[in-house]
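A look at the structure
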Amino acid sequence: MSAGWRTLLLRIGDRCPEYGGSADHKEHIETCYGMISREYEHSREAIFEFLLQCAEQLPHKIPFFGVLIGLINLENEDFAKDIVDTTQAKLQDALHNENRDRIRILLRFLSGLMCSKVVVPNSIIETFETLLSSAATILDEETGNPSWQPRADFYVYCILASLPWGGPELFEQVPDEFERVLVGIQSYISIRRHFDDIAFSVFETDEGHSPNKKDFMEDLWERIQILSRSGWKAKSVPKPHLPFEAQLVAGKSHRLSLISCPPPNLTLTSSEILRGQEKHEADLKYPQRLRRLHIFPTNQAENMQPVDRFVVEECILDVLLFFNGCRKECAFYLVSLPVSFRYEYLMAETIFSQLLLLPNPPFRPIYYTLVIIDLCKALPGAFPSVVVGAVHALFDRISNMDMECRTRLILWFSHHLSNFQFIWPWQEWSYVKDLPKWAPQRVFVQEVLEREIRLSYFEKIKQSIEDAAELEELLPPKAGPNFKFLSDESTENTDGHKLSKELVAMVRGKKNVRDIILWVEEHVIPTNGAEFALDVVSQTLLDIGSKSFTHLITVLERYGQIISKLCPNEEMQLLLMDEVSAYWKNSTQMTAIAIDRMMGYRLISNLAIVKWGFSPANVEQFHVSDRPWEILRNAVSKTYNRISDLRKEIQSLKKAIKELEEAKSVLEIVEGQPAPAERPGRLRRLQVHADKAKEEEVTTEESLEAKGALLARALEENKELLKLLFKRFVDVLTERLPAVSADGEIPNLRAGYQNVNFASQDLETATMEIDNENGADKNSEPNGQNTKNDYNVGELEQWCLCTLGYLKSFSRQYATEIWSHIAMLDEEVFVGDIHPLIRKAAFSGLCRFTNEGSQL
């Protein structure tokens, strides 16, 4: 590409961002078209690729690029036809490769080309009908596979999502055919199964399953019907083609080749478990793009038509998708969408909906954190106040928030404040100090402060809440070690202190690990026992490594064998974790890091961590601290990451073996009769590659075999971990959950039970009025209390709600593994008369179909 053309692309790129808001679209389009026309003869292919790339990666500007192509079509019909044919080929390829984002955007692009008279309207109708026909076939019990309804829903969603962009033209030019498509959509909506996303909702309600609540598809169809009744007028969709309509109509419209959808995945099984696995696989391949999160009350957020809200949400999600990794560009495009109204509140709700999306956000949470920070800087007079309002609204409903979402909100909020000098009106939340220690709002503030200290230091965070001095009580203890064998005049002569000093001297004297193990076995264990030896060794080594993370890792790498020798079984590993927790009792972060590193060095097993996490001391903390849950999450996550890494390594080795086989075949050609078309330089490179392949072949195959054995072992460990984790959940919940009534009524934990509580705790109550203008719903319980019925949600109920919430979180996060071992879980864990609330939480994340989880 010439330097002049690169300059042209930059100039066009500079003009394109100005296309937005109330700017003069006509002027910008004419400017860009003029640039393209001057360079067309010299750089046709570059312009071709540039326009296609822009349409796919800046989909909110598709109408703009559609008009550009329409104007080019007036002079160069072949160019426009190539655009249409290439787009159709890309759409066909995307359908067969199940590239969801490309399918959706290319359909919108074709609609935009139709509006600029580049594509024949009937071709769009034919494309829509092909997708509708495939969706209906999928739902057919005989010719399709209803388990794959998510794919069928996706096809219909793509049609509906393109109608705000192309619906007016279709309604005007081919009304009868367009009406036929709408009737087909209505027919599909009437036969599909309703999706119940209660297990994936950010907020839980007293009612649980609400059969009258519309799912995403039903809601979108209703929005499109409202748009239809209003004459297909959507303020959110720019129409830059209108000023050029008199010109564009003179161009030739091109027909699309027919597309074909991949056939439905047929199943011959009647097994409910296998069909459930299929549904889960379909959900993973075709997840719901957005679960709408209403944070602000209607009188505070922007007033816009339902379809306008949908279109702006789609544009925001597209920008987040295509600018992932480019935070500043992402923020720039988010604040300059081509709409004529303000949308800061909707933008905040959409970003938070993605941050809190269950089971996982589309991108790493840090991405959304950085985007929100940059939006606050890009719109300093508007967006920071919107974020403050969102935090207050979410805080008011924190007791109804899913536990996984609550954890994400804590992590986001603490990180966000760290970028704004930890400034927050804490005095507005100072009342939480007087709430019970287990009240969700109090726990939220406590955990945010603890996370802030991790990102800064104790004195800084203490100073940041000086306007709300009452909250100092919620600060964690000042971080620091709690060394059991710290020398002073009264204790330095005990056996423990003497042995600890000896061990320190050996470490400083650089004694090797074998000598230290010999010293422990000959001088410590015979006299004081193995548990005492573990006490001395673990505390002393932790103290030596207490200065920093690096010191800790160095100590574990050099002297981990000593700990491993002292902890040959789970019983001793449990004692080791007790020692770690005691040494770092003032630092949740260091406790979690130390145990995580010990698991990484295989000094502690994942099963031991689960058992320790469900020990009585930790169980009592389930509802008042994230400390035990953080350690459990780390252990389970590390186990599954290990399996994921092994699978990737095996795939890489298989790919390498395939390449080696190809190299061997090339070697045969090189050593035999070389192909005359091969260049000498290429032959020499192939010869070197083949020689290397001979040497590596055996090593690679041996490595593959070893990795396969490690994977088999890891999968077995994973199975045992899953079984133990769920067994412990069942045990602790069964002990504490209120019983089902004689008539089979399941207890409503949010209604409150004043006659049950932890025996060791006094009943604490607190009251607070709810301001309905802050976005809280009628059943919201801001302070651990249900104000609707004026019942106190006691400590036991809050413990049960938190523990059930984390059980549901693990169920969603590892649903694929649960499906793989569901028969084993039913036979070995969920046996006997399991409490309905436990079964519901354990299986609620497996399927989105109505009542599917409860039937397992």
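Residues numbered from 1 in each chain as written. Predicted model: local features only at pLDDT ≥ 70, side-chain atom pairs only at ≥ 80, totals over all residues. Heavy atoms only, no water.

Side note on the overall build of the chain
The helix and strand tally for the chain stands at 35 helices and two strands. Of all 856 residues assigned to the chain, the portion counted as buried reaches 55%. A fraction of 78% describes how many contacts in the chain between residues 6 or more apart in sequence connect residues 24 or more apart. Surface accessibility of the chain: about 38000 Å² in total, with carbon and sulfur atoms responsible for 50%. (Helix = DSSP H or I, 4+ residues; strand = E, 2+ residues; numbered from the N terminus. Buried < 20%, exposed > 50% of the residue type's maximum accessible area, 1.4 Å probe, protein only. Contact = heavy atoms within 4.5 Å. Areas by Shrake-Rupley, 256 points an atom, 1.4 Å probe, with all protein chains shown as cover.)

Let's talk about the side chain of His 416
Looking at where His 416 falls in the secondary structure, it is placed in helix H18 (residues 403-418). Here His 416 falls in the buried class, since its relative accessible area comes to 7%. Excluding residues within four positions of it along the chain, His 416 makes contact with Thr 369, Ile 372, Ile 373, Cys 376 and Val 387.

Quick look at a negative patch on the surface
Together, Glu 661, Glu 701, Glu 702 and Glu 705 line one region of the surface with negative charge. The greatest single-element share of the negative patch, amounting to three residues, is contributed by helix H30 (residues 680-736). Within the secondary structure, Glu 702 sits in helix H30. (Patch = residues over 30% accessible without salt bridge, like charges linked within 9 Å, V, L, I, M, F, W, Y side chains within 5 Å. Salt bridge = Lys/Arg side-chain N within 4 Å of Asp/Glu carboxyl O. Lys, Arg positive; Asp, Glu negative; His and termini not counted. Charge placed at Lys NZ, Arg CZ, Asp CG, Glu CD.)

Some thoughts on the nonpolar core
Counting residues in hydrophobic clusters, the biggest one holds 160 residues, and the most contacted among them are Phe 352 and Trp 426. Tallying contributions element by element places helix H8 (residues 149-173) first for this core, with 12 residues. Once residues within four sequence positions are removed from consideration, Phe 352 is found in contact with Leu 293, Ile 295, Ile 372, Ala 390, Leu 394, Leu 409 and Trp 412. (Core = buried A, V, L, I, M, F, W, Y, C linked by side-chain atoms within 4.5 Å.)

So, the pattern of salt bridges
In this structure the tally under the stated criterion is 56 salt bridges. For Asp 374, the salt bridge goes to Lys 328, with nearest N and O atoms at 3.8 Å. Placement of Asp 374 in helix H16 (residues 365-378) and of Lys 328 in helix H14 (residues 327-334) is noted, with a sequence separation of 46 residues between them. In this structure, Arg 408 and Glu 404 form a salt bridge, with 3.1 Å as the shortest nitrogen-oxygen distance. Remark: Glu 404 and Arg 408 occur in helix H18; sequence separation between them is four residues, near one turn of the helix.

So, the packing of helix H3 (residues 44-57) against helix H6 (residues 100-115)
Relative to each other, H3 and H6 sit at 115°, their axes nearing to 9 Å. On the basis of their axis angle, the class for H3 and H6 is roughly perpendicular. In this structure, H3 crosses over H6, and the sense of that crossing is right-handed. Residues Leu 52, Ala 55 and Glu 56 of H3 form the contact with H6, whose participating residues are Arg 102, Ile 105, Leu 106 and Phe 109. Considered class by class, the residues forming the contact of H3 with H6 number five nonpolar, no polar and two charged. (Axes fitted to C-alpha atoms, helices over the stretch in contact; angles between N-to-C directions. Parallel < 35°, antiparallel > 145°, perpendicular 65-115°, else oblique. Left-handed = near helix turned anticlockwise from the far one by under 90°. Nonpolar A, V, L, I, M, F, W, Y, C, P; charged D, E, K, R; others polar.)

Remarks on the packing of aromatic side chains
Counting across every chain of the model gives 39 aromatic pairs. Judged by centre distance (4.8 Å) and plane angle (25°), the rings of Phe 323 and Tyr 333 are stacked. Residue Phe 323 is found in the loop between helix H13 (306-322) and H14, and its partner Tyr 333 is found in helix H14; the two are separated by 10 residues along the sequence. The same class applies to Phe 323 as to Tyr 333, namely buried. Where Tyr 640 meets Tyr 814, the ring centres are 4.2 Å apart and the plane angle is 20°; that geometry is what we call stacked. Within this pair, whereas Tyr 640 is found in helix H29 (residues 627-671), its partner Tyr 814 is found in the loop between helix H31 (795-813) and helix H32 (815-820), the two being separated by 174 residues in sequence. On the basis of relative accessible area, Tyr 640 is assigned to the buried category, the value being 8%. Of the aromatic side chains, those joined through ring pairs into one cluster are Phe 614, Phe 622, Trp 629, Tyr 640, Phe 729, Trp 799, Tyr 806, Phe 810 and Tyr 814. (Phe/Tyr/Trp six-rings, centres within 6.5 Å; stacked < 30°, edge-to-face > 60°.)

Let's talk about unusual backbone geometry
Of note, the bond from Leu 358 into Pro 359 is cis; its omega dihedral lies within 30 degrees of zero at 5°. Mapped onto the secondary structure, Pro 359 falls in the loop between helix H15 (344-355) and H16. Of note in the backbone geometry, Glu 98 takes a positive phi value of approximately 55° without being a glycine. Among the secondary structure elements, Glu 98 is positioned in the loop between helix H5 (77-97) and H6. For Gln 421, which is not glycine, the phi dihedral falls at a positive 60°. Checked against the element boundaries, Gln 421 lands in the loop between H18 and helix H19 (440-455). Relative accessible area serves as the criterion here: at 59%, Gln 421 is assigned to the exposed category.

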